[in-house]
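Structure at a glance
For reference, the chains in residue letters:
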Amino acid sequence: MTRLVLDHLTNWITAAAGEHSLDLAAHIEERTGASHRAALSALKRLVDAGWLVRSGTARRPTFSPGSLRQVARSYTLYGLQEDLPWQRDFAPHFALPKHVERMVQHGFTELVNNAADHSGGSSVTVSLRQTPSHVQLLVSDDGCGVFDKICTAFNLEDTQHAMLELSKGRLTSAPDAHTGRGLFFSSQLADVFDIHANNTAYQRRAWESSGWKKGRALPRQGSSIYMAIALNTTRTLDGVMEAWSIAGDGIEFDQTRVQLRLLTTEGQALDSRAAARRVGSRLTTFKRAEIDFDGVTDVGHGFTDELFRVFAKANPQIELVAVNTTPRIAALIKSARAG
């Protein structure tokens, strides 16, 4: 006899409750091969756990999605149009605050589109889960992995350098078709954002000023990107986009922040001109760049001279703003600018 596992049922029970509210037990029986008694027992457990709400009479119960909701679906990437899964398979089954729903829709369509256009894989699995406090999105493909893709496209030798480029924004391996905004803004919308790809992981927490840092990698091929947003957040899509626009209107993405901690390891100085050139890479696509020294305790004269004198003089249209500097680093930058 089929044994109904709660974890398996929760992947599809939210949508089933909306589509089979009057005959949910029969639907479970038909889909799983379970007995009527087992289906009724599973429904009781789902109600008790918060996945379903039961109403109606004892003889004619009606079920609807509860405070816990989840939909998980897999798609073939070839020819996939990312807006259709959102409109058809996901959005109708969730009850999110409007501004949160807008941010989730943005992240969903951008991440699924990235998988379709850039991963080189054959399939993608998408899971969207709602709890009483958060909404959680996981997009996993079986492609080449985002960091390997960036390294190949931009001739980089280190996944750490790939993450540095990704953190700047406006990074795309297909500039004719994409602007490089999708993954960047999705990460800025989230309270929790994790990127896992080919045994490498980076994470960002909105409440931590340090920004991106290394995480514990999942041992799998391809990319898995996870984002979580608090349902009571005051963050909005327009507000996030406006924060990266000098004019404050969210139209142009013309300022960025470069996290130097992504170039080095703890306790190691940034001492080379080559490292400074990596910082300056692609900054010509912006009008303003904050150079964030958070987590960097020491730099060399070559680094500051290359970035704040050589690069700055060659690109006077770009405003370089050093932030989170120690007194010594600030003095070195001042000396380089005066050179």
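This section reports on the structure supplied with the text. For every chain, the first residue of its written sequence is number 1, and the numbers climb from 1 along that sequence. Local features in this predicted model are restricted to residues whose pLDDT is 70 or higher, and side-chain atom pairs enter the listing and the counts only when it is 80 or higher, whereas totals over whole chains, interfaces and linings include all residues. The basis for every side-chain value is the complete set of non-hydrogen atoms in the structure, without hydrogens or water.

Side note on the overall build of the chain
To qualify as a helix, a DSSP run of H or I must reach at least 4 residues; to qualify as a strand, a run of E must reach at least 2; elements of each kind are numbered from the N terminus. Across its full length, the chain carries 13 helices and twelve strands. The principal-axis extent of the C-alpha atoms belonging to the chain is close to 85 × 40 × 35 Å. Only protein chains enter the accessibility calculation, which uses a 1.4 Å probe; a residue whose area is less than 20% of its type maximum is buried, one above 50% is exposed, and one in between is partly exposed. Evaluated residue by residue, the chain yields a buried proportion of 51% over its 339 residues. Here a residue-residue contact requires only that any non-hydrogen atoms of the pair lie within 4.5 Å. Expressed as a percentage of contacts within the chain between residues at least 6 apart in sequence, the contacts between residues at least 24 apart total 65%. Computed with a 1.4 Å probe, the accessible areas rest on the Shrake-Rupley method; for each residue, only the protein chains presented here act as cover. Of the roughly 16,400 Å² of accessible surface on the chain, 48% is carried by carbon and sulfur atoms.

A closer look at the pattern of salt bridges
In what follows, salt bridge is the name for a side-chain nitrogen of Lys or Arg lying within 4 Å of a carboxyl oxygen of Asp or Glu. Enumeration over the complete set of coordinates arrives at 19 salt bridges. A salt bridge links Asp-89 to Arg-73, with the shortest nitrogen-to-oxygen separation between them at 3.2 Å. Of this pair, Asp-89 sits in helix α5 (residues 83-90) while Arg-73 sits in strand β3 (residues 69-76), placing them 16 residues apart in sequence. For Asp-89, a relative accessible area of 7% translates into the label buried. Taking the relative accessible area as the measure of exposure, Arg-73 reaches 37% and is therefore partly exposed.

Some details on unusual backbone geometry
One non-glycine residue, Asn-155, adopts positive backbone phi at about 55°. You will see that Asn-199, though not glycine, has its phi angle at about 65°, which is positive. Here Asn-199 is to be found in the loop between β6 (192-197) and β7 (200-205).

Some points on the state of the cysteines
What makes a disulfide is a covalent bond joining the sulfur atoms belonging to two cysteines. What counts as a disulfide here is a pair of cysteine sulfur atoms lying within 2.5 Å. Per the stated rule, a full pass over the model turns up zero disulfides. The thiol sulfur of Cys-144 is not disulfide-bonded, and the nearest other cysteine sulfur, from Cys-151, lies at 10 Å.

Observations regarding the sheet that holds strand β12 (residues 319-323)
With respect to topology, three strands assemble into an open sheet ordered β10-β11-β12, the strand pairing being parallel. For this open sheet the edge positions go to β10 (255-259) and β12, each flanked by a neighbour on one side alone. For this sheet the average axis-to-axis angle between neighbouring strands, irrespective of direction, equals 20°. The pairing criterion is simple: DSSP has to find at least two bridges between the two strands. Two strands pair when backbone bridges link them, and β10 and strand β11 (residues 288-292) are joined in this way by five bridges, in the parallel orientation. Bridging from a neighbouring strand, Gln-255 pairs with Arg-288 of β11. Geometry is summarised by axes, namely lines fitted to C-alpha atoms with helices restricted to the contacting stretch, and by angles between N-to-C directions that run from 0 to 180 degrees.

Distances and angles like these do not, on their own, reveal function.
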